[in-house]
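Structure at a glance
The residues making up each chain are set out below.
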Number of protein chains: 2
Amino acid sequence: MKKSSNTSAISQSNSIPASANVSNTSAEKIKSLRKKKQDHTEILKRLLQGNQTALGKAITLVESNTIKHQQQASAIIEGAIASSGKSIRIGITGVPGVGKSTFIEAFGTYLLSLGKKVAVLAVDPSSSISKGSILGDKTRMENLVKQEMAFIRPSPSGDSLGGVARKTRESIMLCEATGFDVILIETVGVGQSETTVHSMCDFFLLLKLAGAGDELQGIKRGIMEMADAIVINKADGENVKAANTAKLDFRRALHLYPPKESGWTPKVLLSSALYNTGIPEVWELIMSFEKNSKENGYFEENRKQQNKFWLLQSINEQLKQSFYQNPEIKVALEEQLQAIFDKKTSPFIAAQQLLEKYSKL
Amino acid sequence: MKKSSNTSAISQSNSIPASANVSNTSAEKIKSLRKKKQDHTEILKRLLQGNQTALGKAITLVESNTIKHQQQASAIIEGAIASSGKSIRIGITGVPGVGKSTFIEAFGTYLLSLGKKVAVLAVDPSSSISKGSILGDKTRMENLVKQEMAFIRPSPSGDSLGGVARKTRESIMLCEATGFDVILIETVGVGQSETTVHSMCDFFLLLKLAGAGDELQGIKRGIMEMADAIVINKADGENVKAANTAKLDFRRALHLYPPKESGWTPKVLLSSALYNTGIPEVWELIMSFEKNSKENGYFEENRKQQNKFWLLQSINEQLKQSFYQNPEIKVALEEQLQAIFDKKTSPFIAAQQLLEKYSKL
């Protein structure tokens, strides 16, 4: 197909009367399919050339729930995948109010000044309910949003964290194929979203406030163990003393955990996104992590394991979905649960009976 | 059926020649089935009367992998379930060398002195491989093993933690139906076994050594967060000072975690199983936990949730097993994994293709 021509063979022959065998609607349908095919081929081509508009369109297809869009998205991903993987993926989490947007604004702007191309994605499974997606209010990243080398995308909506995660994972690949060097994946930390983000990034950064001891208690189960670095934000003005105390507390707390597979010892840093201090140090730390983990082979191995994890995760999710969404199983499950609570059966016997029923459906 | 008669109708009519329609083998088969039926009915009856030999036989059926034994086990469990649930289930974990056996020996002996009936079970998924099951060497609990009111059972063997867990869960029910007041579930902490034990007990106890700071590092991910109490064992002689330091360290570390759903604040205690000190305090603590959690409704709710967890867990396990053990899927999965590593497909597209294949098998 000639690239200069945007009209298909079918539209060129439009003036010729359709034969008796081809109805007008069929012709339209074929034209539309050809157009779509051309569309996503074109999107892929421009995306691979570094075009951000094409990237935006591709992500929109990934985020769409219609089957047609999903098929187009899959085709784009398959074409983009060989060019993906060359970025460093950084997960960033912290409770609301910790200053994630301000930090990302300052951090992203610094990376741009180093000549990096920066993409910011978000995982917020609550956004589909509250419609109050993080990053939705782009004015919170006033500077970054204006920069040509930055790409900012709010959290996709989704019925489940699994759905949001899938979309974000595939968006990461697309951003990489478009040539972005640094992918920042922000999460507000609803439910399991931090674990999810952790399993799609190379480096996991926990933002904390320069508050005192009480702050420590707000840490969700398992989050601190996942962190490669804790950055105490808003370490400025009157907060400096408290921030230094917190730094020692966190360092001691991190010391309690077993060594990481990566061989990396998590660090605690101070920063003030407002006064723009401590930001280069965070990047230096990440660079040093990347160097170490590439040298000892952990970087590649971790990505391999993450890919495997996502494959198995998707399979398991869908196996469960088919079972639990079956209307007959739904009813039988409630009955068995009640029988367990009434001490009439054991969980294992109940499970066996449900699976037997399922296999006969 | 008359309880006094141990012979079936068939064996009584044995002297009468078999009719032409009933072959000798068929008659034997029927007799054998009747015998079995009587057997497990008898086991159940005696178990409910508090007979430990019957309990042992019932657990042997639960642990067996033959279908016939499994069916008998299910029948016994269904008959025993209404009488189960009246114990307190205490999970006990700690690294090898921490003195678990000595602690359980001292703790169990103390409970017996209070007139309690004590069962000790174990979850050790490694035992099927190493055959070196914990509790296997009963001489390690010399005193306890001699006591009439104590029942000690080594870890069942199993191909997977799931299998071991199922057997242990059902054994707990059987012990309770036999009248045991306190169930101690020991785990050596291989892989996920601590999480598994945590999800089948009311109270979770982490044994630690009276070592210094370095000891803290040996704590596996998530274990400290699950503990309702940390007992620093071997707090005697020259260790006393170090034990007190460790106590403060652990108390500080526990303070970092979010409050528990049970409303319970985990405590740190010192004990010496060797010198028999601190043992009554551990029991007092557990009694106070039981009182609190029964008053605020957590105790019952937690058991309900655990039952639900085990139901869903068994279902999910078996759904996965059917999928991953399918020979055609096995081959296709390897191919897709390779394609992902070779950057030819994404994990999600691969998952979709595998599920489509599976649904057509």
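Just above, that's the structure.
This report concerns the structure included in the present document. (Residues numbered from 1 in each chain as written. Chains lettered and ligands numbered in written order. Predicted model: local features only at pLDDT ≥ 70, side-chain atom pairs only at ≥ 80, totals over all residues. Heavy atoms only, no water.)

On to the overall build of chain A, then. Of the regular secondary structure elements, chain A holds 16 helices and seven strands. By the burial criterion, 49% of the 361 residues in chain A qualify as buried. Put simply, 75% of the contacts in chain A that link residues at least 6 apart link residues at least 24 apart. A total of about 17400 Å² of accessible surface is found on chain A, and carbon and sulfur atoms cover 53% of it. (Helix = DSSP H or I, 4+ residues; strand = E, 2+ residues; numbered from the N terminus. Buried < 20%, exposed > 50% of the residue type's maximum accessible area, 1.4 Å probe, protein only. Contact = heavy atoms within 4.5 Å. Areas by Shrake-Rupley, 256 points an atom, 1.4 Å probe, with all protein chains shown as cover.)

Here the focus is the packing of helix α15 (residues 327–341) of chain A against helix α16 (residues 347–360) of chain A. Residue and element names in this part refer to chain A. Interaxial distance between α15 and α16 falls to 10 Å at its minimum, and their mutual angle equals 165°. The pairing of α15 with α16 is recorded here as roughly antiparallel in orientation. Read as a crossing pair, α15 and α16 show a hand that is right-handed. Taking contact as the criterion, the partners of Glu328, Ile329, Ala332, Leu333, Gln336 and Ile340 in α15 are, on α16, Pro347, Ala350, Gln353, Leu354, Lys357 and Tyr358. Among the residues forming the contact of α15 with α16, the class breakdown is eight nonpolar, two polar and two charged. (Axes fitted to C-alpha atoms, helices over the stretch in contact; angles between N-to-C directions. Parallel < 35°, antiparallel > 145°, perpendicular 65-115°, else oblique. Left-handed = near helix turned anticlockwise from the far one by under 90°. Nonpolar A, V, L, I, M, F, W, Y, C, P; charged D, E, K, R; others polar.)

At the interface, 57 residues of chain A touch 57 residues of chain B. Taking both partners together, chain A and chain B bury about 5400 Å²; carbon and sulfur atoms supply 67% of that area. Taken together, the connections running from chain A to chain B amount to zero salt bridges. Inspection of the region where chain A meets chain B yields eight residue pairs in polar contact (both at pLDDT 80 or more). Taken together, the elements giving at least two residues each to the side of chain A that touches chain B come down to α4 (67–80), α8 (161–177), α11 (223–226), α12 (239–255), α14 (298–324), α15 and α16 of chain A. Here the element with the most residues in the side of chain A that touches chain B is α14 of chain A; it accounts for 14 residues. The residue inventory of the side of chain A that touches chain B, partitioned by class, reads 30 nonpolar, 14 polar and 13 charged. (Buried area = accessible area lost by both parts, 1.4 Å probe. Salt bridge = Lys/Arg side-chain N within 4 Å of Asp/Glu carboxyl O. Polar contact = N/O pair within 3.5 Å; in protein donor to acceptor, adjacent residues only side chain to side chain.)

This next bit is on unusual backbone geometry. Residues and elements named next belong to chain B. Residue Lys234 is not a glycine yet carries a positive backbone phi of 60°. By the secondary structure assignment, Lys234 is in the loop between β6 (229–233) and α12 (240–255). Phi is positive for Lys343, which is not a glycine, with a value near 55°. With respect to the secondary-structure elements, Lys343 resides in the loop between α15 (327–341) and α16 (347–360).

The subject of this paragraph is the environment of Asn244 of chain B. Inspection of the secondary structure assignment puts Asn244 of chain B in helix α12. C-alpha separation for the pair Asn244 of chain B and Ile232 of chain B, spaced twelve residues apart in sequence, amounts to 8.9 Å.

Quick look at the relation of the copies chain A and chain B now. It takes a turn of 179° to lay chain A on chain B, together with a shift of 0.0 Å along the axis; the resulting RMSD is 0.1 Å. When the rotation and shift are considered jointly, the pair of chain copies conforms to a two-fold rotation axis. (Least-squares fit on C-alpha atoms with pLDDT ≥ 70 in both.)

This next bit is on the sheet that holds strand β3 (residues 150–152) of chain B. Residue and element names in this part refer to chain B. Read across the sheet, seven strands follow the order β3-β2-β4-β1-β5-β6-β7 without closing on themselves; strand pairing throughout is parallel. Only two strands of the sheet have a single partner each, and these edge strands are β3 and β7 (267–270). Within this sheet the neighbouring strands show an average axis-to-axis angle of 20°, counted without direction. As paired strands, strand β5 (residues 203–209) and β6 are joined by five bridges and run parallel to one another. Bridge pairing in β6 links Leu207 to Val231. Most of the contacts of α12 go to β7, to which it runs at about 170°, and overall it touches β5, β6 and β7. (Pairing = 2+ DSSP bridges.)

With that out of the way, let us pick up the pattern of salt bridges. Residues and elements named next belong to chain A. Here the structure, examined in full by the defined rule, presents 18 salt bridges over all chains. In this structure, Glu170 engages Arg166 in a salt bridge whose closest nitrogen and oxygen atoms are separated by 3.6 Å. Linking Glu170 with Arg166, this pair stays in helix α8, spanning four residues, or about one helical turn. Each member of the pair Glu170 and Arg166 is classed as buried.

Residue and element names in this part refer to chain A. What the seven strands build is an open sheet, ordered β3-β2-β4-β1-β5-β6-β7; its pairing is parallel. Bordering the open sheet on either side are β3 (150–152) and β7 (267–270), each of which pairs with just one other strand. The average angle at which neighbouring strand axes cross in this sheet is 20°, direction not considered. By the bridge criterion, six bridges tie strand β1 (residues 88–93) to strand β4 (residues 182–187) in an arrangement that is parallel. Paired with Thr93 across the strands is Thr187, a residue of β4.

In this section: the side chain of Asn302 of chain A. Structurally, Asn302 of chain A can be placed in helix α14. Not counting residues within four places of it along the chain, the set of residues in contact with Asn302 of chain A comprises Cys201 and Asp202 of chain A.

What follows deals with helix α14 (residues 298–324) of chain B. With 27 residues, α14 of chain B extends 37 Å between its outermost C-alpha atoms, agreeing within 8% with the 39 Å of an ideal straight helix rising 1.5 Å per residue. Every buried residue of α14 of chain B is listed here: Phe299, Asn302, Arg303, Gln306, Asn307, Trp310, Leu311, Ser314, Ile315, Asn316, Leu319 and Phe323 of chain B. (Expected span 1.5 Å × (residues − 1).)

Take the pairing of strand β5 (residues 203–209) of chain A next. Residue and element names in this part refer to chain A. Most of β5 is tucked away: six of the seven residues are buried. As judged from the four bridges shared by β1 and β5, these two strands associate in the parallel manner. Within β5, the position partnered with Thr93 by the bridge is Leu206.

Attention now moves to the packing of aromatic side chains. Inspection of the entire model under this criterion finds 20 aromatic pairs over all chains. Geometrically, the ring pair formed by Phe323 of chain A and Tyr324 of chain A is edge-to-face, given 5.0 Å between the ring centres and 85° between the ring planes. Of note, Lys117 of chain B hangs over the ring of Phe180 of chain B, and the distance from its end group to the ring centre comes to 4.7 Å. Over the ring of Phe341 of chain A we find Lys304 of chain B, and its NZ or CZ is 4.8 Å from the ring centre. (Phe/Tyr/Trp six-rings, centres within 6.5 Å; stacked < 30°, edge-to-face > 60°. Lys NZ or Arg CZ within 6 Å of the ring centre and 35° of its normal.)

Another point: the side chain of Thr345 of chain B. The residue Thr345 of chain B is located in the loop between α15 and α16 in this model. Since its relative accessible area comes to 5%, Thr345 of chain B is described here as buried.

On to the nonpolar core. Core analysis: the largest hydrophobic core is formed by 106 residues, its most contacted members being Leu174 of chain A together with Leu174 of chain B. In this structure Leu174 of chain A touches Leu47, Leu55, Ala58, Ile59, Val62, Ile76, Ile77 and Ala80 of chain A, once residues within four positions along its chain are discounted. (Core = buried A, V, L, I, M, F, W, Y, C linked by side-chain atoms within 4.5 Å.)

Our focus in this paragraph is α8 of chain A. Residue and element names in this part refer to chain A. Given a rise of 1.5 Å per residue, 17 residues ought to cover 24 Å, and the 24 Å separating the end C-alpha atoms of α8 matches this to within 8%. Within α8, 15 of the 17 residues are buried, which leaves it mostly tucked inside the rest of the structure. Looking at the residues trailing α8, positive phi occurs at Gly179, about 105°.

So, on to the packing of α16 of chain A against helix α8 (residues 161–177) of chain B. Close contact between α16 of chain A and α8 of chain B brings their axes to 10 Å; oriented N to C, the two are set at 125°. Here α8 of chain B runs oblique to α16 of chain A, going by the angle between their axes. In this structure, α16 of chain A uses Pro347, Phe348 and Gln352 of chain A to contact α8 of chain B, whose residues at the interface are Arg166, Arg169, Glu170 and Met173 of chain B.

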